[in-house]
There are 2 protein chains.
Amino acid sequence: MKASRDRWSNNFSEWFDEILWKAGLYDYGRYPVKGCGVWLPYGFQLRRRIVELLRKLLDNRGHEEVLFPILIPEDLLSKEAEHIRGFGGEVFWVTHGGDESLDVKLALRPTSETIISLYENYWLKSYKQLPKKYYQVVSIFRYETKATKPMIRVREVTTFKEAHTAHESFEDADRQVLEALSIYMEFYDLLGVPYLVSKRPDWDKFAGALYTIALDTIMPDGRTMQIGTAHHLGQNFSKPFEIRVQLENENLDFVWQTSYGISERAVASVIAVHGDDRGLVLPPHLAPIQVVIVPIIVRGREAEVLEYASKIKSRLEAKGLRVHLDDRREVGPGAKYYEWEAKGVPVRIEVGSLEVDENTVILVRRDSLEKRKINIEDLEEEVEELTTKIWENIKKKAKEYMEARIWKVKDIREAKNLVSKKLGIVELPWCGRCSCGEKMQELLNLKALGSPVEAIENVELDGEKCPVCNSEAKTVMRLAKTY
Amino acid sequence: MKASRDRWSNNFSEWFDEILWKAGLYDYGRYPVKGCGVWLPYGFQLRRRIVELLRKLLDNRGHEEVLFPILIPEDLLSKEAEHIRGFGGEVFWVTHGGDESLDVKLALRPTSETIISLYENYWLKSYKQLPKKYYQVVSIFRYETKATKPMIRVREVTTFKEAHTAHESFEDADRQVLEALSIYMEFYDLLGVPYLVSKRPDWDKFAGALYTIALDTIMPDGRTMQIGTAHHLGQNFSKPFEIRVQLENENLDFVWQTSYGISERAVASVIAVHGDDRGLVLPPHLAPIQVVIVPIIVRGREAEVLEYASKIKSRLEAKGLRVHLDDRREVGPGAKYYEWEAKGVPVRIEVGSLEVDENTVILVRRDSLEKRKINIEDLEEEVEELTTKIWENIKKKAKEYMEARIWKVKDIREAKNLVSKKLGIVELPWCGRCSCGEKMQELLNLKALGSPVEAIENVELDGEKCPVCNSEAKTVMRLAKTY
């Protein structure tokens, strides 16, 4: 790696851009349309495993996968007033088909609340059909005017898992938001990516929502990245779209909706949170290749060593592991190590003629780079144990890193002082008023992430005062520099 | 079903439209943008299994899955002259981002040869990297001016598997086209969908290709549907995109390319080819639900029957089968049968109090609707055997149907006579000249599908003459009404 990751410098961004290409994940920056990239084979496999994890979690909780059209006519997108105010400025518009000008211009979906509401109007008739939970994994489009960043801020988000649900009551939708969050928390636990859950301040909620709750993680440079959001939509969409169902008491009422989404930032977070100066460090269960075998070939004993390596491969594959034997002749072992380390393969096995003679293999773990010689008899057991250890270790490291970057402070000065030295999340007591929250943002030149969610986390307050208005604090406000 | 499928009438089209909605596959015809539909949960599951089958076949033959952007700048799409001539008229154009007019208008990809060639120019340097085989599964867009038809002729093709390969030589690309065809033949064999492989006449090849070979199947109304295509692209794209690699002899040369694609017509073909007047008939390995259990509940013995049904479910699930127990109270058994038959579930199990007393179950197979009582001890074995039988039977029926609809004829009059009575494929001796082929189209008011491919099929000719010019036939021309 040219760029050192150096957690406390500003190099993270270069590190990230470099590793995407170097590890064969994502080709970005040379497409003529800004904010669009290409998923390369290795990156695609990683992405696929991550998406499958999320699919399974959603399926297990009664979500049904569907697929809606990409093109949304302008009048449909505009039906909910707040929604179009929020998204209108960043929509790509299709205006022509062939040489013909279209009667109604068509948006490339920025998100699908409107289109799904249109169909829920057709489909939902009775409370007996509720709750109804749909999701799809699709491309969405935002005409970003801010600086774009590969996987993190793009114009074509190629991996948007969006869920949309309908309910009988406000409270049911409330509970659904919590289910969404618990699914997302479980998902990020499975990725080893730590997070904070915060209810976004009112001025920063989703366009058309009653409230928005989000998950943020802290990147190696101390900035936070939003990695998932859940919205209580109230009846804001069901009213203009007239999604009315018969209730148990035979009255008709508009349904209550929620929506929640996760994008390819999930992949970006795995790359960023676990990586190091040599490149990727992948959680073993997500790694496209879990074990790479590098034979060290000395003249005269090529066949023997390769045969030994092949046997190792077969034995590990029989255990269900994804194994690659790197038997290229034209590349030396050093260059191979370098390459597979950049790609984050959890376990490397080195074997040469000495190991053949001794009936041993050398195991190298990617996270700590520790080397150990083991007896070939113990191969399967040792490799399995090692992958478990690697997984525990990288999860723990990521958690510790994040926890050390969250600071509870009492006043603005202390917060300023901290922020001037290093980045992370500062938590200030807060009275709950928007004006005070916005003042904090301004004074610290940070973005307000919002407050903890009661059902998920306890806020311990001991008579603290809001540092802006000096009235009693009701919660805390989290602030950070964000991606 | 309201519309009878009636293979020899013109009702097939109505049958198809009806079953899509009735079986919960696809919601079409009420979206404000023409040619766009919604994949419903059950349809999505069927689509997913079919796509996964295809993925596996491609992965096993060294194809790497990738994902390229959807937006193609006009100048990129126009780089290959034939290509833009072929596609330009049916491209959706994005011209605005928010309120801004874009400098260069962007096409929604109609197919990805140009964009992939752009990257192959970056990536490919040496013959050692060849052959290179990429594929992606994406939405593509065609501003169809013809009448649209759900899943068959749409404006957003939501399920386009497109493969793109690069090779050292013309011959390698030639062989790749054959590999593509053999993958597609295997794929359709796995769907039980019969096909003919024909080299398309020159005037009907893909825009930018040297030649195109396609797979067609025959629909229940006798029209053919193109269900897969493979193209030898020659150096037509590699020259304008300057994809030059170093050969083994150290010369530089442009690569030779192929591309091949299959769309959601694969799903449509499964629905159309196997269905009957009651609805879908699904191949057991593709069915989202393989066995449905319908308990017949008589008052007083509800708990017993349900417990018996649950046990059956567990036992079959333990064998890896996808089983659904339909224990709804408010729906009668008759209505349930009707519903699951429409959805094409291969095996239905009926159990009531009599079966509980006797330790039996009733098995009903979807394809023939035959009923049989079996001993519960033989449950797993009988169900497995039955699914095998169903699969063999529907494959065979589909094949026989298709074979009976292909007619070898000697002259135009005979062909005309046949076509006036029923639809299918007519094969006429052909001299190989375009003008004669086009004349056949005109005289018969059919579309020319092309000729058999030598490496796949033998054409037996015994001095036949081309019925248009009366010179010696070199091959046969296949003609049909097409979708």
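Residues numbered from 1 in each chain as written. Chains lettered and ligands numbered in written order. Predicted model: local features only at pLDDT ≥ 70, side-chain atom pairs only at ≥ 80, totals over all residues. Heavy atoms only, no water.

Trainee: Even after reading the chapter, I still don't get the sheet that holds strand 14 (residues 256-262) of chain A, so can you show me in this structure?
Mentor: All names here are of chain A. Sheet architecture is open: 11 strands sit in the order 3-7-8-14-11-10-9-22-23-21-20, paired in mixed fashion. In this open sheet, the two edge strands, each paired with only one partner strand, are strand 3 (64-65) and strand 20 (406-408). As paired strands, strand 7 (residues 132-141) and strand 8 (residues 156-167) are joined by 9 bridges and run antiparallel to one another. Looking across to strand 8, one finds that Lys132 is bridged to Ala166. With respect to the sheet, helix 6 (residues 170-191) is in contact with strand 7, strand 8, strand 9 (196-199), strand 10 (211-218), strand 11 (224-234) and strand 14, its orientation differing from that of strand 14 by roughly 15°. Its contacts with the sheet put helix 7 (residues 265-274) on strand 10, strand 11 and strand 14, and the angle it makes with strand 11 is roughly 150°. (Pairing = 2+ DSSP bridges. Helix = DSSP H or I, 4+ residues; strand = E, 2+ residues; numbered from the N terminus. Contact = heavy atoms within 4.5 Å. Axes fitted to C-alpha atoms, helices over the stretch in contact; angles between N-to-C directions.)

Trainee: How should I be thinking about the environment of Ala404 of chain A in this particular structure?
Mentor: For Ala404 of chain A, the location among the structural elements is in the loop between helix 11 (379-403) and strand 20. Spatially, the C-alpha atom of Ala404 of chain A lies 8.6 Å from that of Gly424 of chain A, the residues being 20 residues apart in sequence.

Trainee: I would appreciate a short explanation of the interface of chain B and chain A in the present structure.
Mentor: The accessible area lost on association of the parts is a frequent measure of interface size. Contacts between the two partners involve 54 residues from chain B and, on the opposite side, 54 residues from chain A. Across the chain B to chain A interface the summed buried area is about 4500 Å²; carbon plus sulfur atoms make up 64%. The tally of links from chain B across to chain A stands at 2 salt bridges. For Arg48 of chain A, the salt bridge identified is with Glu52 of chain B, shortest N-O distance 3.0 Å. (Buried area = accessible area lost by both parts, 1.4 Å probe. Salt bridge = Lys/Arg side-chain N within 4 Å of Asp/Glu carboxyl O.)

Trainee: Before we go on, may I ask you to explain the pairing of strand 10 of chain A in this structure?
Mentor: Along a regular strand, successive side chains alternate from one face of the sheet to the other. All names here are of chain A. Counted residue by residue, strand 10 has 8 buried out of 8 residues, so it is predominantly covered. Of the two faces of strand 10, the one carrying Tyr211, Ile213, Leu215 and Thr217 and the one carrying Thr212, Ala214, Asp216 and Ile218 are both buried. Relative to strand 10, strand 9 runs antiparallel, the two sharing 4 bridges. The residue bridging Ser198 from the neighbouring strand is Ala214, located in strand 10. Across 8 bridges, strand 10 lies against strand 11 in antiparallel orientation. Bridging across to strand 11, Ala214 finds its partner in Thr229. (Buried < 20%, exposed > 50% of the residue type's maximum accessible area, 1.4 Å probe, protein only.)

Trainee: Looking at this structure, I do not really get the packing of helix 8 (residues 302-318) of chain B against helix 11 (residues 379-403) of chain B. What am I missing?
Mentor: For any two helices packed against each other, the geometry comes down to the angle between their axes and how far apart the axes lie. Residues and elements named next belong to chain B. Interhelical geometry of helix 8 versus helix 11 gives an angle of 60° and a closest axis separation of 10 Å. In this structure, helix 8 meets helix 11 at a crossing whose hand is right-handed. Contacts between helix 8 and helix 11 involve Ile312, Arg315 and Leu316 from the former and Leu379, Glu380 and Val383 from the latter. Looking at the contact of helix 8 with helix 11, its residues break down into 4 nonpolar, no polar and 2 charged. (Left-handed = near helix turned anticlockwise from the far one by under 90°. Nonpolar A, V, L, I, M, F, W, Y, C, P; charged D, E, K, R; others polar.)

Trainee: Could you clarify how one ought to interpret the sheet that holds strand 19 (residues 371-375) of chain A in this entry?
Mentor: Residues and elements named next belong to chain A. One open sheet holds the 5 strands; their spatial order is 16-15-17-18-19, and the pairing between them is mixed. Every other strand in the sheet has two partners, leaving strand 16 (323-325) and strand 19 as the edge strands with one partner each. Neighbour-to-neighbour, the strand axes of this sheet turn through a mean angle of 25°, independent of strand direction. One ladder, built from 5 bridges, connects strand 18 (residues 360-365) with strand 19; its direction is antiparallel. If you follow Leu363 over to strand 19, its bridge partner there is Arg372. Strands in contact with helix 11 are strand 15 (291-295), strand 17 (347-351), strand 18 and strand 19; relative to strand 18, the strand with the most contacts, it is inclined by about 10°.

Trainee: What is the right way to read a negative patch on the surface from this model?
Mentor: A grouping of Glu377, Asp378, Glu381 and Glu384 of chain A is seen on the molecular surface, where their side chains present a negatively charged patch. As for its position among the elements, Asp378 of chain A is in the loop between strand 19 and helix 11. (Patch = residues over 30% accessible without salt bridge, like charges linked within 9 Å, V, L, I, M, F, W, Y side chains within 5 Å. Areas by Shrake-Rupley, 256 points an atom, 1.4 Å probe, with all protein chains shown as cover. Lys, Arg positive; Asp, Glu negative; His and termini not counted. Charge placed at Lys NZ, Arg CZ, Asp CG, Glu CD.)

Trainee: Can you help me understand helix 5 (residues 113-123) of chain B in this one?
Mentor: Along an α-helix, a turn takes 3.6 residues, which lines up residues three or four apart on a common side. A large share of helix 5 of chain B lies buried, amounting to 9 of its 11 residues. Of the positions making up helix 5 of chain B, those classed as buried are Glu113, Thr114, Ile115, Ile116, Ser117, Leu118, Tyr119, Glu120 and Trp123 of chain B.

Trainee: Please clarify how the side chain of Arg366 of chain A should be interpreted in this entry.
Mentor: Residue placement: Arg366 of chain A occurs in the loop between strand 18 and strand 19. Ignoring sequence-local partners within four residues, the contact set of Arg366 of chain A consists of Asp276, Arg278, Gly279, Leu280, Val281, Glu341, Gly344, Val345 and Pro346 of chain A.

Trainee: Hey, could you run me through the pattern of salt bridges in this one?
Mentor: Scanning the model with the defined rule gives 85 salt bridges over all chains in all. Arg200 of chain A is the partner of Asp204 of chain A in a salt bridge, and the nearest nitrogen-oxygen pair spans 4.0 Å. For Asp204 of chain A, a relative accessible area of 24% translates into the label partly exposed. Ionic pairing is found between Lys371 of chain B and Glu350 of chain B, a salt bridge with its closest N-O pair at 3.1 Å. Taken as a pair, Lys371 of chain B in strand 19 (residues 371-375) and Glu350 of chain B in strand 17 (residues 347-351) lie far apart in primary sequence, 21 residues in all. One continuous salt-bridge network, built from bridges that share partners, spans Arg278, Glu341, Arg348, Glu350 and Lys371 of chain A.

Trainee: Would you explain the state of the cysteines in this entry?
Mentor: Covalent bonding between the sulfur atoms of two cysteines is what defines a disulfide. A full pass over the atoms with the stated rule returns 0 disulfides over all chains. The thiol sulfur of Cys436 of chain A is not disulfide-bonded, and the nearest other cysteine sulfur, from Cys431 of chain A, lies at 3.6 Å. Here Cys466 of chain B is not disulfide-linked; the sulfur of Cys431 of chain B is the nearest cysteine sulfur, at 3.8 Å. (Disulfide = S-S within 2.5 Å.)

Trainee: Looking at this model, I keep getting lost on the relation of the copies chain B and chain A. Mind explaining?
Mentor: One copy of the chain maps onto the second through a rotation around an axis plus a translation along that axis. The transformation that overlays chain B on chain A combines an axial shift of 0.0 Å with a rotation of 180°, and the residual RMSD is 0.0 Å. Expressed as a symmetry operation, the mapping of one chain copy onto the other fits a two-fold axis. For chain B, the residue whose C-alpha comes nearest the rotation axis is Val94 of chain B, separated from it by 2.0 Å. Interface overlap between copies: 100% of the residues of chain B at the interface are likewise at the interface in chain A, consistent with a symmetric, same-surface contact. (Least-squares fit on C-alpha atoms with pLDDT ≥ 70 in both.)

Trainee: For this particular structure, what's the right way to read helix 9 (residues 333-342) of chain A?
Mentor: All names here are of chain A. Considered for burial, the residues of helix 9 that qualify are Lys336, Tyr337, Trp340, Glu341 and Ala342. Against helix 1 (12-22), strand 15, strand 16 and strand 17 lie the buried residues of helix 9. Once helix 9 finishes, Gly344 follows within two positions and takes phi at roughly 75°, a positive value.

Trainee: Would you explain the packing of helix 2 (residues 41-60) of chain A against helix 6 of chain A in this entry?
Mentor: Residues and elements named next belong to chain A. One can describe the packing of helix 2 onto helix 6 by two numbers: an axis separation of 10 Å at closest approach and a directional angle of 145°. Where helix 2 crosses over helix 6, the two elements pack in a sense that is right-handed. In this structure, helix 2 contributes Ile50, Leu53, Leu54, Leu57 and Leu58 to the contact, and helix 6 contributes Ile183, Tyr184, Glu186, Phe187, Leu190 and Leu191. Residue classes in the contact of helix 2 with helix 6 are distributed as 10 nonpolar, no polar and 1 charged.

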